[in-house]
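Residues per chain, in single letters:
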Amino acid sequence: MEQNFQSEEELQKFMESLIGKEIPSFPFDSLDPKEQAKELIMDAYDLSPVQARVNIEQALQLDINCIDAYILLGLLESVPQIGMVFFEKGIAIGRSIFDKKYRAKHKGHFWGLHETRPFMRCLQSYAECLFAIWRVEECVAIYEELIELNPNDSQGVVNQLMHCLITV
């Protein structure tokens, strides 16, 4: 549904016409490949593991750097060491996209940037795997990095960090 508003009144009228109705969605083919990959991954969370892997494969064909795809691959694994391989791949992509300069510039409000959230979720999932296999010191370092990037702790990392520190 394409709109070309000529005035603020037209926009307001359109917005009021949506009240109580389902929000229109964009056709899949109108999205760019990265957006299509993200959509496939979001849909995959509602699918069986076998079907989810099909979506993940399609997403990675569209965007080989789709961090969300590597997160889901890691989450689908029951063995932490295998899941970690996927999280490590996602983290490497994130560190490449959000290099040291970018991280330094946005440190303190990283979660507030939507494009960084998959990287942050990937770091957290990786830390959880590290804890599961008792690599607690490495886990603590990842949690500390997450808190440094986002002191508001939108992910609840402080509680996980405290749990790690208590068990050491």
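This text goes with the structure placed above it.
Rules behind the numbers
- Residues numbered from 1 in each chain as written.
- Predicted model: local features only at pLDDT ≥ 70, side-chain atom pairs only at ≥ 80, totals over all residues.
- Heavy atoms only, no water.
- Axes fitted to C-alpha atoms, helices over the stretch in contact; angles between N-to-C directions.
- Helix = DSSP H or I, 4+ residues; strand = E, 2+ residues; numbered from the N terminus.
- Parallel < 35°, antiparallel > 145°, perpendicular 65-115°, else oblique.
- Left-handed = near helix turned anticlockwise from the far one by under 90°.
- Contact = heavy atoms within 4.5 Å.
- Patch = residues over 30% accessible without salt bridge, like charges linked within 9 Å, V, L, I, M, F, W, Y side chains within 5 Å.
- Areas by Shrake-Rupley, 256 points an atom, 1.4 Å probe, with all protein chains shown as cover.
- Salt bridge = Lys/Arg side-chain N within 4 Å of Asp/Glu carboxyl O.
- Phe/Tyr/Trp six-rings, centres within 6.5 Å; stacked < 30°, edge-to-face > 60°.
- Buried < 20%, exposed > 50% of the residue type's maximum accessible area, 1.4 Å probe, protein only.
- Expected span 1.5 Å × (residues − 1).
- Core = buried A, V, L, I, M, F, W, Y, C linked by side-chain atoms within 4.5 Å.

S.K.: With reference to specific residues and values, describe the packing of helix 2 (residues 33-44) against helix 4 (residues 67-76).
M.R.: Contact geometry of helix 2 with helix 4 gives a least axis separation of 9 Å together with a crossing angle of 25°. Judged by the inter-axis angle, helix 2 sits roughly parallel to helix 4. Both helix 2 and helix 4 take part in a crossing whose hand is left-handed. In contact with Lys38, Ile41 and Ala44 of helix 2, helix 4 contributes Asp68, Ala69 and Leu72.

S.K.: Account for a nonpolar patch on the surface, with residues named and values stated.
M.R.: A cluster of nonpolar side chains, contributed by Val158, Met162, Leu165 and Ile166, occupies part of the molecular surface with about 370 Å² of accessible area. Position of Met162 relative to the elements: it lies in helix 9 (residues 157-167).

S.K.: Could you give an account of unusual backbone geometry, naming the residues involved and the relevant values?
M.R.: With a phi close to 60°, Trp134 is a non-glycine residue in the positive phi region. Positionally, Trp134 belongs in the loop between helix 7 (117-132) and helix 8 (136-149).

S.K.: Summarise the packing of aromatic side chains; cite the residues concerned and give the values.
M.R.: Tallied over the entire structure, the rule returns seven aromatic pairs. Summarising the aromatic geometry, the rings of Phe5 and Phe14 are spaced 5.3 Å apart at their centres and angled 50° between planes, so their arrangement reads as tilted. Note on Phe5: relative accessible area 31%, which makes it partly exposed. Note on Phe14: relative accessible area 18%, which makes it buried. With a centroid separation of 6.0 Å and an interplanar angle of 80°, the aromatic rings of Phe98 and Phe110 are classed as edge-to-face. Here Phe110 lies in the loop between helix 6 (100-106) and helix 7 and Phe98 lies in the loop between helix 5 (80-97) and helix 6, a separation of twelve residues in the sequence.

S.K.: Now, about helix 8: what can you tell me, with residues and values included?
M.R.: Each α-helix turn comprises 3.6 residues. Residues three or four places apart therefore point the same way. Taking 1.5 Å as the rise per residue, helix 8 with 14 residues should run 20 Å; its terminal C-alpha atoms sit 20 Å apart, in good agreement. The complete set of buried residues in helix 8 reads Val136, Cys139, Val140, Ile142, Tyr143, Glu145, Leu146 and Leu149. Of the surrounding elements, those touching the buried residues of helix 8 are helix 5, helix 6, helix 7 and helix 9.

S.K.: Would you mind going over the nonpolar core in detail, with residue names and values included?
M.R.: Core analysis: the biggest nonpolar cluster contains 43 residues, and Phe119 and Tyr143 have the highest contact counts within it. The set of elements that each furnish at least two residues to this core consists of helix 2, helix 3 (49-62), helix 4, helix 5, helix 7, helix 8 and helix 9. With nine residues, helix 7 is the single largest residue contributor to this core. In this structure, Phe119 is in contact with Ile67, Ile91, Gly94, Arg95, Phe98, Arg103, Phe110 and Leu149, ignoring residues within four places of it in sequence.

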